[in-house]
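As a plain string of letters, each chain reads:
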Amino acid sequence: MQANGTRQQQVTHLGGVATFPDFAPDGTNIAFGGARPGDADMDIFVVNADGSGLVRLTTAPGDDQYPAWSPDGRSIVFVSTRTGSGQVWLMNADGSNQRQLTFDTSDKDQVPDWKPDGTQIAYECAPAICVMNADGSDQRQLTTPSGQEDDFGPAWSPDGRQIAFVRFRNDADRNVYIMNADGSDLHAVHPAGLQAVPAWQPRGGGRVH
């Protein structure tokens, strides 16, 4: 749909499930996690923005979800359970050269996100937010949630200086937080009620939407 909610149109017709879509940087394609009726696992698909040209990129056993295009449109990062637990994987935009980036025991979940310059990836390393270089090196934990808190859904600011995410405490208390890219100055954006995965306004204003 348009940013104002007009011209809504259905893009996928799998007959099953389609989740967490992400536009390619040039706006021509959309990557998403999906499953057709009868599929045992979720896979990563790509479709043209007009709904044509559907292609399945992953076929390995296990669930492949939460795709995110690299800023240059050449790669897609995603989360896969094909090795037994959720881990961050990377592949070329055509599905080739699939390789695992994380190997630690923390479960990876929704949703990895690229720094706008393409040099780093932020991701959930349950129950915290972590960051690493785009090749998987220099993996670092940024948040230290306490008790039953779970941090997920990282989203880089357009200038790469901040990261927004959701801090989940219970079904009635999950708020969007923001921090500097090094984990400092962490604070809630609007501490009230039930909130979901954030996304940054692409240009101008510095506001989280």
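Small disclaimer: the values here were computed from a predicted structure and weren't measured.

## Examining the state of the cysteines
Link 1 in the chain: Taken as a whole and judged by the stated rule, the model has 1 disulfide.
Link 2 in the chain: Here Cys-125 is linked by a disulfide to Cys-130, with a sulfur-sulfur distance of 1.9 Å. Its S-S torsion of approximately 80° makes the covalent link between Cys-125 and Cys-130 right-handed.
Link 3 in the chain: Relative accessible area serves as the criterion here: at 7%, Cys-130 is assigned to the buried category.

## Brief notes about the sheet that holds strand E9 (residues 113-114)
Link 1 in the chain: The strand order across the open sheet formed by 4 strands is E9-E10-E11-E12, and the pairing between neighbours is antiparallel. If you trace the sheet from one side to the other, it starts and ends with E9 and strand E12 (140-141), each paired once.
Link 2 in the chain: When strand E11 (residues 128-133) meets E12, the two strands line up antiparallel, connected through 2 bridges. Looking at the pairing, Cys-130 lines up with Gln-141 of E12.

## What to know about the sheet that holds strand E6 (residues 75-80)
Link 1 in the chain: Taken in spatial order, the 4 strands line up as E5-E6-E7-E8 in an open sheet, and their pairing is antiparallel. The sheet is open, and its two borders are formed by strand E5 (64-69) and strand E8 (99-100), each paired with just one other strand.
Link 2 in the chain: Bridging between E5 and E6 involves 4 bridges; their strand directions are antiparallel. Across the sheet, the residue bridging to Asp-64 is Ser-80, located in E6.

## Let's talk about the nonpolar core
Most often, soluble globular proteins have nonpolar side chains that are buried together.
Link 1 in the chain: Counting 13 residues, the largest nonpolar core has Val-77, Val-88, Leu-101, Trp-114, Ile-121, Tyr-123 and Met-132 as its most contacted members.
Link 2 in the chain: Those elements giving two or more residues to this core turn out to be strand E7 (87-92), strand E10 (120-125) and E11.
Link 3 in the chain: Those residues in contact with Met-132 that sit more than four places away from it in its chain are Val-88, Leu-101, Thr-102, Thr-119, Gln-120, Ile-121, Tyr-123, Ser-137, Asp-138 and Gln-139.
Link 4 in the chain: Ala-24, Leu-57, Phe-78 and Trp-89 belong to the second-largest nonpolar core, a separate cluster that totals 10 residues.

## Observations regarding the pairing of E5
Remark: a regular strand shows side chains that alternate across the two faces of the sheet.
Link 1 in the chain: Most of E5 is tucked away: 6 of the 6 residues are buried.
Link 2 in the chain: If you look at the hairpin formed by E5 and E6, you'll find 5 residues sitting between the two strands, and Gly-73 has a positive phi there, around 75°.

## Some details on unusual backbone geometry
Link 1 in the chain: Between Gln-110 and Val-111 the backbone carries a cis peptide bond, its omega angle lying at -20°.
Link 2 in the chain: Relative to the helices and strands, Val-111 resides in the loop between E8 and E9.
Link 3 in the chain: Unusually for a residue other than glycine, Phe-20 sits at a positive phi of about 45°.
Link 4 in the chain: Summarising the element assignment, Phe-20 is placed in strand E1 (residues 17-23).
Link 5 in the chain: Positive phi outside glycine occurs at Asn-97, with the angle close to 55°.
Link 6 in the chain: Of note, Asn-97 is situated in the loop between E7 and E8.

The rules behind these values
- Residues numbered from 1 in each chain as written.
- Predicted model: local features only at pLDDT ≥ 70, side-chain atom pairs only at ≥ 80, totals over all residues.
- Heavy atoms only, no water.
- Disulfide = S-S within 2.5 Å.
- Buried < 20%, exposed > 50% of the residue type's maximum accessible area, 1.4 Å probe, protein only.
- Pairing = 2+ DSSP bridges.
- Helix = DSSP H or I, 4+ residues; strand = E, 2+ residues; numbered from the N terminus.
- Core = buried A, V, L, I, M, F, W, Y, C linked by side-chain atoms within 4.5 Å.
- Contact = heavy atoms within 4.5 Å.

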